[in-house]
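Structural description and commentary
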Amino acid sequence: MGSLRKKTFTKPLPAEAELFQRKGQQFAQWVDAKGKKKTAPTSTGKGGVLRIVVESRFWLAKYRDGSGLLREIATGCKDRAAAQTKLTDLERRAELIRSGVVTESQESIAGHLATPLAQHITDYMTHLKGRSGSQKHRSNVHACLERLAAECGFRKLSDLKVGRLEQWLLDAEQDGLGPRTRNRYRSAIVAFCGWCVSSERLLNNPLKSLPVANEKTDRRRLRRALNEAEIGKLFDAAERRPLLEAMTIRRGRDAGKPLANVKPHVRERLIRLGRERRLIYLVLLSTGLRKAELQSVHVHQVILDSDWPGIELSPDDEKNSEGSFIPLRNDVADELRSWLADRRSELAEQNRLKLDADPQAPLSAELLFHVPDSLDKVFNKDIELAGIAKRDDRSRVVDIHALRTTFCSMLQKAGVAPRVAQEAMRHSDIRLTMATYTDPKLLDIAGAVESLPTITGSHQRAETVVLLTGTDNNFASEGEAQAEAPSRLSVIHCDVDTSDSASLASQASGGGSIPLTRFERASLSATDNEAFLVSGQDVTASGRVRCSEPVDVAGSPEDD
């Protein structure tokens, strides 16, 4: 037979409490913050300190579970009758387990169904923290779960119904929430339910069948890559803007002109800030790092004294929590060496001026850059000064994350293998690399098509050489032409069916026109900068081509 009790614990004795004796036991009496008189027995704590004994407001139930083990759980009830009802239910479920009607796992699930959903969410966040995921990811998941619980009316696990969530997603779509954002909410709660199944809190995932929104139909933020000219303008603007803004007069007749006086030490600080911003953009563009990842990089993570310079990214600071070595171009590594050398000099000077500072204090514990959280706003001002449009005619935007898109697109443009580009981007799915992060506008599609081999199908190119001699446009054999008029040779290349090659050659040697039955293309080459034009207008009614007057083709080796 189970029993009920209230747990007791001790608290510090209130400063204004009065002590008195009752039936041989000492009590304390005081007035709480609400003006109510309180009385509680006292006890002696560690070191002989007097404390008051307080009783919990909730009842505890003590009973033997289905395995015969003695258990004590909180009922969450302040009323004894309600607590007794819960104890009776616990004993009934334990009896069902002992009789083999239900299993222990089923009984455990039934017990979790009554637990508030907020407690399950708290346990889930603890689970995610144990998996060493990033703090930003955990914060986003927590925010999604709390919003869904509040707006969908999820109070317990038994409230998790697919219909409620579907309705919320439909309402969110009507309110303008994009498909990618809706999928983020869906992913968070479906993963939470999956964890509830694995931790034996749910029998199955009730939201697993919830469809995924098609993000391709309504992408809210299409990014584009910067071209080389825009990158140069961005670097120049980022380096100039801090000092330029300080020198710009804000009011009066000279408003908008960079005529203000700036103190030398302020000027030096602003020049250094502009240099740092340019280096931030340079590293983002040449490595594909995300803003949050670069924010976490310390000097000791930058390896510059090696044959392969790079940045060692910590698993705690990487999005996929794996940890990576990010290679650096040699020219970027040289700029970072110069930057860190100047930083060391500045740090040594600062420590020299501080009497209590260590003059040999290392720079390794410092951040590589001071990347502000507001870098997106800083970037917007820099591209405005550079004259780079925020949004193009296809509604694609340029933001700080577009530098990562630019990095990926430049890899593709350089002919890097897709698998290598995927590894450089640290993507788990190559489709993300090739489709989302590659801007086709930056790729040389025309050059790629031009590099294809000649494709002729059933026809092959037959190059027929027709030699003209003298000034009367008569055909002759090659030997005769070279002997009679070596300085007046013109060659007409005709693309024809190979079966006509013999006929074409025989007719060319004895007449003044060429059959054009399967004529595909005419191209001209010449010596002495002279050639004879062949065009559609020169085709006679009998299907033969005439040679027009010679023309100067200097600088135009081929004319279609």
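What this report covers is the structure whose coordinates are included nearby. (Residues numbered from 1 in each chain as written. Predicted model: local features only at pLDDT ≥ 70, side-chain atom pairs only at ≥ 80, totals over all residues. Heavy atoms only, no water.)

**Digging into the packing of helix α4 (residues 135-152) against helix α5 (residues 162-174)**
- Remark: α4 packs on α5, axes separated minimally by 10 Å, with the N-to-C direction vectors making an angle of 100 degrees. The angle between α4 and α5 places the two elements in the roughly perpendicular class. On the side of α4, the interface is formed by R147, L148, E151 and C152, while α5 contributes R164, L165 and W168.
- Considering only residue class, the contact of α4 with α5 consists of four nonpolar, no polar and three charged. (Axes fitted to C-alpha atoms, helices over the stretch in contact; angles between N-to-C directions. Helix = DSSP H or I, 4+ residues; strand = E, 2+ residues; numbered from the N terminus. Parallel < 35°, antiparallel > 145°, perpendicular 65-115°, else oblique. Contact = heavy atoms within 4.5 Å. Nonpolar A, V, L, I, M, F, W, Y, C, P; charged D, E, K, R; others polar.)

**Looking at the pattern of salt bridges**
- By the definition in use, this model includes 23 salt bridges.
- When the shortest N-O distance is used, the salt bridge between D236 and R240 registers 2.9 Å. In this pair, D236 and R240 are both assigned in helix α7 (residues 228-247), four residues apart and thus about one turn of the helix distant.
- A residue is classified by how much of its surface remains accessible, and D236, at 39% relative accessible area, is partly exposed.
- A relative accessible area of 39% places R240 in the partly exposed class.
- Beyond isolated ion pairs, a larger network of salt bridges with shared partners links E239, R278 and E335. (Salt bridge = Lys/Arg side-chain N within 4 Å of Asp/Glu carboxyl O. Buried < 20%, exposed > 50% of the residue type's maximum accessible area, 1.4 Å probe, protein only.)

**Some points on helix α8 (residues 264-287)**
- When the terminal C-alpha atoms of α8 are compared, their 35 Å separation across 24 residues agrees well with the 34 Å that a helix rising 1.5 Å per residue should span.
- Just downstream of α8, G288 is the residue with a positive phi angle, here 80 degrees. (Expected span 1.5 Å × (residues − 1).)

**Quick word on the pairing of strand β9 (residues 310-313)**
- Relative to β9, strand β8 (residues 302-303) runs antiparallel, the two being bridged by two bridges. The residue of β9 that forms the bridge with I303 is G310.
- Once β8 ends, the chain turns through six residues before running back antiparallel as β9.
- Where β9 meets strand β10 (residues 324-327), four bridges bridge the pair, whose relative direction is antiparallel. Note on β10: the bridge partner recorded for I311 is I326. (Pairing = 2+ DSSP bridges.)

**Brief notes about the sheet that holds β10**
- Spatial ordering of the open sheet is given by β8-β9-β10, a layout of three strands whose pairing is antiparallel. Only two strands of the sheet have a single neighbouring strand rather than two, namely β8 and β10.

**Considering α4**
- Taking 1.5 Å per residue, 18 residues should reach 26 Å; α4 reaches 26 Å between its end C-alpha atoms and fits that length.
- All of the buried residues in α4 are R138, V141, C144, L145, L148, A149 and C152. When α4 is viewed along its axis, its buried side chains cluster within an angular range of 130 degrees and face the same direction. More than 90 degrees from the buried face of α4, the exposed residues found are K136 and A150.
- Once α4 ends, the next one or two residues include G153, with phi positive near 75 degrees. (Arc of directions from axis to C-beta.)

**A look at the packing of α8 against helix α12 (residues 402-413)**
- Axis separation between α8 and α12 bottoms out at 7 Å; the angle between their running directions is 45 degrees. Here α12 runs oblique to α8, going by the angle between their axes. Crossing angle aside, the handedness with which α8 passes α12 is right-handed. Here Y281, L284, L285, S286 and T287 of α8 lie close against α12, whose contacting residues are L403, T406, F407 and M410.
- Class assignment of the residues belonging to the contact of α8 with α12 gives a composition of six nonpolar, three polar and no charged. (Left-handed = near helix turned anticlockwise from the far one by under 90°.)

**Looking at unusual backbone geometry**
- One non-glycine residue, E200, adopts positive backbone phi at about 60 degrees.
- Locating E200 in the fold gives a position in the loop between α6 (179-198) and β7 (222-223).
- By relative accessible area, E200 is classed as partly exposed at 41%.
- One non-glycine residue with positive phi stands out, namely R426, at about 60 degrees.
- Mapping R426 onto the fold places it in the loop between α13 (418-425) and α14 (430-436).

**Observations regarding the packing of aromatic side chains**
- A full pass over the atoms with the stated rule returns seven aromatic pairs.
- Three or more aromatic residues link up through ring pairs in this structure, and these residues are Y124, F192 and W195.
- We note R22 situated over the ring of F27; from NZ or CZ to the ring centre the distance is 5.1 Å.
- The cationic tip of R80 hangs over the ring face of W59; the distance from NZ or CZ to the ring centre is 4.8 Å. (Phe/Tyr/Trp six-rings, centres within 6.5 Å; stacked < 30°, edge-to-face > 60°. Lys NZ or Arg CZ within 6 Å of the ring centre and 35° of its normal.)

Read these as layout, nothing more, since geometry by itself doesn't imply function.
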